[in-house]
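Next come the chains, spelled out residue by residue.
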Amino acid sequence: MAGSSVSDSGAERIGYISRVQCFSACHRLHSIHLSDEENKQVYGKCNNPNGHGHNYKVEVTVRGKIDRLTGMVMNLTDLKRCIEDVIMTPLDHKNLDKDVPYFANVVSTTENVAVYIWDNMVKVLPPNLLYEIKIHETDKNIVIYRGE
């Protein structure tokens, strides 16, 4: 029947919710496993010893069953709090390489920032809910990580 609701049909519905958050941080692309010359060749201007900054835009997407009672996959207030704890508090207005212990031995590429966010979001979200981390490093450079 056209227009039947979730509760009428009995079918489970899956929904995706994304929340966008922006943060500013600086970093230097530099691998401790490469020589200074190799770092310059691999990372170019992003290997500047004084670093450089970005205004990152992060999209956190969760996927799950739409609850029959609440009509939600998850409460957006809870998702917002998780993003504050995992992204804003440790990363915003920070030097990723010097202020975030994870990046002491991990190159702070946007790919690795996405992995860092994923690994910490799964610790605070309900199990199997996190679907995707998408980071816009610039208007033209976007990284997607899905825990694979």
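Caption draft 1: View of the environment of glutamine 41. As for its placement among the helices and strands, glutamine 41 is situated in helix H2 (residues 36–43). The class of glutamine 41 is exposed, set by a relative accessible area of 61%.

Caption draft 2: How the structure looks around the nonpolar core. Phe23, Val60, Leu79, Ile87, Ile117, Met121 and Ile133 are the most contacted members of the largest nonpolar core, which has 33 residues in total. Mapped onto this core, the elements with two or more residues apiece are strand E1 (14–27), strand E2 (52–65), helix H3 (76–91), helix H5 (110–124), strand E4 (130–136) and strand E5 (142–145).

Caption draft 3: Region of interest: the pattern of salt bridges. All chains considered together, the criterion is met by 3 salt bridges. With a closest N to O distance of 3.1 Å, aspartate 78 and arginine 81 form a salt bridge. In this pair, aspartate 78 and arginine 81 are both assigned in helix H3, 3 residues apart and thus about one turn of the helix distant. The partly exposed category is assigned to aspartate 78, whose relative accessible area is 29%. Classification of arginine 81 by relative accessible area gives partly exposed; the value is 46%. Of the charged contacts, one joins glutamate 132 and arginine 146 as a salt bridge, the two residues approaching to 2.6 Å between their closest N and O atoms.

Caption draft 4: Spotlight on the packing of aromatic side chains. The full count for this structure, using the stated rule, is 6 aromatic pairs. Each ring, one from phenylalanine 23 and one from tyrosine 56, has its centre 4.8 Å from the other, and the planes form 15°; the classification is stacked. Pair noted here: phenylalanine 23 is in strand E1 and tyrosine 56 is in strand E2, with a separation of 33 residues, a long-range link. There is no split in this pair, since phenylalanine 23 and tyrosine 56 are both buried. Look at tyrosine 102 and tyrosine 116: their rings are 5.2 Å apart centre to centre, the planes differ by 55°, and that puts the pair in the tilted class. Placement of tyrosine 102 in the loop between helix H4 (96–99) and H5 and of tyrosine 116 in helix H5 is noted, with a sequence separation of 14 residues between them. A relative accessible area of 10% means that tyrosine 116 is categorised as buried. Each residue in the set Tyr102, Phe103 and Tyr116 is aromatic and connected to the rest through ring pairs, giving one cluster.

Rules used in this analysis
Residues numbered from 1 in each chain as written. Predicted model: local features only at pLDDT ≥ 70, side-chain atom pairs only at ≥ 80, totals over all residues. Heavy atoms only, no water. Helix = DSSP H or I, 4+ residues; strand = E, 2+ residues; numbered from the N terminus. Buried < 20%, exposed > 50% of the residue type's maximum accessible area, 1.4 Å probe, protein only. Core = buried A, V, L, I, M, F, W, Y, C linked by side-chain atoms within 4.5 Å. Salt bridge = Lys/Arg side-chain N within 4 Å of Asp/Glu carboxyl O. Phe/Tyr/Trp six-rings, centres within 6.5 Å; stacked < 30°, edge-to-face > 60°.

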